[in-house]
Amino acid sequence: MVFQLELQPAPPLHLTPQCVVHTGTVRLFETGTLIHTSGAPAERFGFFLPNTHPLPEDALEPRLWAEMHLMTAIAPSASGNFPFGVAHAHAAYVPDPRHALHRWLHLTAAAHPAREVRLGYRITVQSP
């Protein structure tokens, strides 16, 4: 299954000159036929965070903390026990997919399938 996603980032919060927090919400949804089976594994997804600055190729890697939480879930009409939620949030600066010389902040996680889930995210970036 491939999720479609909509992002709603909040303005970055600068705690100190070396520490910034990026927050927002992401809506993951499936528009086609959803086959939901009990015990299905979580589906991986990821996105580049908007409103962030690139990290030059030769820069030191900052310390990153990634968090995600479930805000809402819309289940398909079905009977049975089906998990909803998010797990394995991970943030990293990854190479620009357009082959530029910078790296961009990217968040990955895994979500259990549902018709729609809305997740909150927070990434704390502490520069060396």
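Further up the page is the structure itself.
Let me begin by describing the structure that accompanies this report. (Residues numbered from 1 in each chain as written. Predicted model: local features only at pLDDT ≥ 70, side-chain atom pairs only at ≥ 80, totals over all residues. Heavy atoms only, no water.)

**Notes on the pairing of strand β7 (residues 86-95)**
For step 1, the next point in the chain: Inspection of the sheet shows β7 paired to strand β8 (residues 102-111) by 8 bridges, in the antiparallel sense. Across the sheet, alanine 91 pairs through a bridge with leucine 107, a residue of β8. (Pairing = 2+ DSSP bridges. Helix = DSSP H or I, 4+ residues; strand = E, 2+ residues; numbered from the N terminus.)

**Description of the environment of proline 54**
For step 1, the next point in the chain: Mapped onto the fold, proline 54 is located in the loop between β4 (43-48) and β5 (55-56).
For step 2, the next point in the chain: A sequence separation of 40 residues divides proline 54 from valine 94, and the C-alpha atoms of the two residues are 9.7 Å apart.
For step 3, the next point in the chain: In contact with proline 54, not counting residues within four places along its chain, are His102, Arg103 and Trp104. (Contact = heavy atoms within 4.5 Å.)

**A few points about the pattern of salt bridges**
Pairing is possible between side chains of opposite charge, provided their charged atoms come close.
For step 1, the next point in the chain: This structure, assessed with the given rule, holds 5 salt bridges.
For step 2, the next point in the chain: Its salt-bridge partner being glutamate 6, residue arginine 27 comes within 2.9 Å of it at the nearest N-O pair. With arginine 27 in strand β3 (residues 19-29) and glutamate 6 in strand β1 (residues 4-9), the pair connects residues that are 21 residues apart, well separated along the chain.
For step 3, the next point in the chain: Judged by relative accessible area, which is 40%, glutamate 6 ranks as partly exposed.
For step 4, the next point in the chain: With a closest N to O distance of 2.6 Å, glutamate 61 and arginine 103 form a salt bridge. Separated by 42 residues along the polypeptide, glutamate 61 in the loop between β5 and β6 (63-74) and arginine 103 in strand β8 bring together distant segments of the chain.
For step 5, the next point in the chain: The class for arginine 103 is buried, based on a relative accessible area of 16%. (Salt bridge = Lys/Arg side-chain N within 4 Å of Asp/Glu carboxyl O. Buried < 20%, exposed > 50% of the residue type's maximum accessible area, 1.4 Å probe, protein only.)

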